[in-house]
Amino acid sequence: MGKLIITESSGASRELVLDKERVSIGRHADNDICLNDKAVSGHHAVIITILSDSFLEDLDSTNGTLVNGKQIAKHPLSNGDTVNIGRNSLRYEGDQQGGEDFEKTMILRPSQVAAAMGTPAASPTENKPLTGRLRVESGSNAGRELELTKALTTIGKPGVQVAAITKRSDGFYIVHVGGSAGGKRPLVNGAEIDQQARKLSANDIIELAGTQMRFLLA
């Protein structure tokens, strides 16, 4: 898993392993990474980690978030990326595989795997990746749909209530990112989701920032 090398404006340095699905960054004490810097918003940014991949998102902060000198809204982190928040620097170090190990890795077709395992090969339809989408069920945008094609899709209203839907090999998961909606998390089928990611099922109703959406799976 990846880690952050945090160098604060005071010059103090520390490391944080990204072993949580959600790591919040900001000036307020309730953040996972608390930065004592007036240039940092109370809840400034968040890092979502899914398996070995980490994604950084600015939470509509006052002064913005920079990655390698460029302002971002959302950014998939790569090894060596430098994040600047206020006068603080956070260097991301991801997992790296050595060239020797990479050269020894072989990519097998499903039929080759089946032969090696002594099991029948799956048909092409069985190997077809899951496709998910959200359909708005309420409000002026009712009927509109959003295809969930990315590894991570954020939904909601920045600063109010934001969630992320992540696409994994076994399905789609929703996780609370942040917002100021009285500390409340999004609802799935009328129940508030907890801190951990929740797997979505077909026709689940998501309620977020006053909008209802139906999760559809194909």
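Residues numbered from 1 in each chain as written. Predicted model: local features only at pLDDT ≥ 70, side-chain atom pairs only at ≥ 80, totals over all residues. Heavy atoms only, no water.

As for the overall build of the protein
Next up, step 1: Looking only at helices and strands, the protein has two helices and 21 strands in total.
Next up, step 2: Counting only residues that meet the buried cut, the protein has 36% of its 218 residues in that class. (Helix = DSSP H or I, 4+ residues; strand = E, 2+ residues; numbered from the N terminus. Buried < 20%, exposed > 50% of the residue type's maximum accessible area, 1.4 Å probe, protein only.)

What to know about the sheet that holds strand β4 (residues 33-34)
Next up, step 1: Pairing within the open sheet is mixed, and its five strands lie in the order β4-β3-β5-β6-β9. The two strands at the open ends of the sheet, each matched to only one other strand, are β4 and β9 (74-76).
Next up, step 2: Bridge analysis of strand β3 (residues 22-26) against strand β5 (residues 45-50) gives four bridges, and the strand direction is antiparallel. Of the residues in β5, the one forming a bridge with R22 is I48. (Pairing = 2+ DSSP bridges.)

Comments concerning the packing of aromatic side chains
Next up, step 1: Applying the stated criterion to the full structure yields one aromatic pair.
Next up, step 2: Here R168 stacks its cationic end above the ring of Y173, 4.0 Å away from the centre of that ring. (Phe/Tyr/Trp six-rings, centres within 6.5 Å; stacked < 30°, edge-to-face > 60°. Lys NZ or Arg CZ within 6 Å of the ring centre and 35° of its normal.)

Details of the pattern of salt bridges
Next up, step 1: On inspection of all chains with the given rule, the structure shows ten salt bridges.
Next up, step 2: Of the charged contacts in the structure, one is a salt bridge between D32 and K20, with a shortest N-O distance of 2.6 Å. Taken together, the residues D32 in the loop between β3 and β4 and K20 in the loop between β2 (13-17) and β3 connect sequence positions twelve residues apart.
Next up, step 3: D32 sits in the partly exposed class, given a relative accessible area of 34%. (Salt bridge = Lys/Arg side-chain N within 4 Å of Asp/Glu carboxyl O.)

Side note on the nonpolar core
Next up, step 1: Ranked by size, the top nonpolar core spans 18 residues in total, and within it L4, I33, I47, L56, I85 and L90 carry the most contacts.
Next up, step 2: Leaving out residues up to four positions away in the same chain, I33 has contacts with L4, I6, R14, L16, V23, S24, I25, G26 and L90.
Next up, step 3: By size, the runner-up hydrophobic cluster in this structure holds 16 residues, among which are L148, L208, A209 and F215. (Core = buried A, V, L, I, M, F, W, Y, C linked by side-chain atoms within 4.5 Å. Contact = heavy atoms within 4.5 Å.)

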